[in-house]
Amino acid sequence: MSAEPPRVAAAWHALAQLEDPEIPAVTLVDLGIIRSVGVDAAGVLEVGISPTYTGCPATEVIRGMVSGALGAADVGEFAIKQLLSPPWTSDWISAEGRRKLSAYGIVPPTEAVGSIRGLKGEERHMACPRCHSLNTECISQFGSTPCKALHRCRECLEPFEYFKCI
Amino acid sequence: MSAAKNVGPLLYRYVLRVGDLSLVLGQRLGEWVGRAPAIEEDLGLGNVALDLIGQARLLFSYAGELEGRNRGEDEIAFLREQREYLNPTLAEQPNGDFGQTIVRQVLIDAFQLELYAGLMSSADERLAAIAAKAVKETRYHLRYSSGWLVRLGDGTAESHARVQAALEQLWPYTVELFEEDDLDREMADSGIAPRLAALRVGWSQHIEAVLAEATLQRPADRPFSWFGKRGEHSEHLGYILADMQYMQRTYPGVRW
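What you are looking at is a predicted structure, and each value in this text was computed from that prediction instead of being measured. (Residues numbered from 1 in each chain as written. Chains lettered and ligands numbered in written order. Predicted model: local features only at pLDDT ≥ 70, side-chain atom pairs only at ≥ 80, totals over all residues.)

Right, let's get into the domain arrangement of chain A. All names here are of chain A. Split into domains, chain A comes out as domain 1 (6-82) and domain 2 (94-163). Relative placement of domain 1 and domain 2: their C-alpha centres are 27 Å apart. Across the boundary between the two partners, domain 1 contributes ten residues, which contact ten residues of domain 2. Of the residues assigned to the side of domain 1 that touches domain 2, the class counts are six nonpolar, two polar and two charged. (Domains from an automatic or database assignment. Contact = placed C-beta atoms within 7 Å. Nonpolar A, V, L, I, M, F, W, Y, C, P; charged D, E, K, R; others polar.)

Below, the structure written as structure tokens:
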């Protein structure tokens, strides 16, 4: 494997610092929103970003953040490309991202999208991130951002958020 | 590029037809924000509306490129005349009570799920990519709306009566969803769009299953006389557009 050109490495380094505007506990790279960094034939650094939901209001903010970070990092001429295909999936959230979500109190997706349960739209019982009881229930399929649903623990009675499996 | 080049003007109209369904339904759902029966449903309907408008944005950006007159998504969404909107008439029907909104939503979610699933194998790569993204969101919407239809249908005598009445009222509009016209036929022949008759099979299966679980009766099909898909709308669309277009018509070129 050949080493990455320094510009690409510098871009990844700069982009890795960017926190998600709505869930600052995780970075855009952790969530799989920043998908690729490469250099095209004309020498332009190209960064690919995948929006989570088509209507997510954070998409524009994220584009601005990526542009700002690349500008500050002195990586030369760059372009940001929106990647629709393949579509973003919660399977792309890294192990590190899942750990950070849990620590922040958001339960990460419990299923792989292609699993039998995932395909049937079923999800296993999730543990309360505070008291770890499995006695929990969904109280709303939608939450404060497009990517989350709202659940409640029947033991400690605290509500908690769940990162939807999509 | 793909087959798209040969069918440009037709493809433009087809992409608008798909996008207008999402835009008009999303605009309708937006009317619930701040006045839904509970905060969870306020969030639910608002989130579905956001997804729908997001889908419309992707489709309108593409339509603008196909049209080649340098019009962006906002101009296409906000500055067309009523006759140029090509959504099926069902999408523009009033919200009514929460039950009526849910009935309309189940009927359209199930249709969009089949439509996007079919478009994923479109000969047009851009449409296929948008559909692959939208199908995942639509599956979630259908879970939400179907869950509510079961609770309302299999709920109290009052909630059952209300959703059954809404179903009787909205059912005649569903025929238009599957009525193939020249544009649908041309798109299917070019491998760009799925056959509407094929979509009806999956749609009916889902609708039958959810109606049975909700203890609701499927109304009989009746001859239809609605043609929103070719720009001949019910009286309701004009009011939606008046609200939606007010800012852009009053302040031309206004930006967010």
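Taken over all residues, the pLDDT of chain A has a mean of 90, while the share at 70 or more is 93%. Here helix H4 (residues 116-120) of chain A stands out as the least confident element of chain A, with mean pLDDT 67; strand S2 (residues 45-49) of chain A is the most confident, with 96. (pLDDT = per-residue confidence, 0-100. Helix = DSSP H or I, 4+ residues; strand = E, 2+ residues; numbered from the N terminus.)

Residue and element names in this part refer to chain B. Closest axis-to-axis distance for the helix H5 (residues 125-153)/helix H6 (residues 157-177) pair is 7 Å, and the angle between their directions is 125°. The angle between H5 and H6 falls in the class oblique. Contacts between H5 and H6 involve Leu149, Leu152 and Gly153 on the former and, on the latter, Ser159, His160 and Val163. Among the residues forming the contact of H5 with H6, the class breakdown is three nonpolar, three polar and no charged. (Axes fitted to C-alpha atoms, helices over the stretch in contact; angles between N-to-C directions. Parallel < 35°, antiparallel > 145°, perpendicular 65-115°, else oblique.)

So, on to the sheet that holds strand S6 (residues 148-153) of chain A. Residues and elements named next belong to chain A. One open sheet holds the four strands; their spatial order is S4-S7-S6-S5, and the pairing between them is mixed. Every other strand in the sheet has two partners, leaving strand S4 (106-107) and strand S5 (136-140) as the edge strands with one partner each. Strand direction decides the pairing type here: S6 and strand S7 (residues 159-163), joined by five bridges, are antiparallel. Across the sheet, lysine 148 pairs through a bridge with phenylalanine 163, a residue of S7. (Pairing = 2+ DSSP bridges.)

Let us now look at the interface of chain B and chain A. When the parts of a complex come together, some accessible area is lost, and that lost area is often taken as the interface size. Each side of the interface is counted separately: chain B has 21 residues, and chain A has 14 residues. The greatest single-element share of the side of chain B that touches chain A, amounting to eleven residues, is contributed by H5(B). Classifying every residue of the side of chain B that touches chain A by side-chain character gives ten nonpolar, four polar and seven charged.

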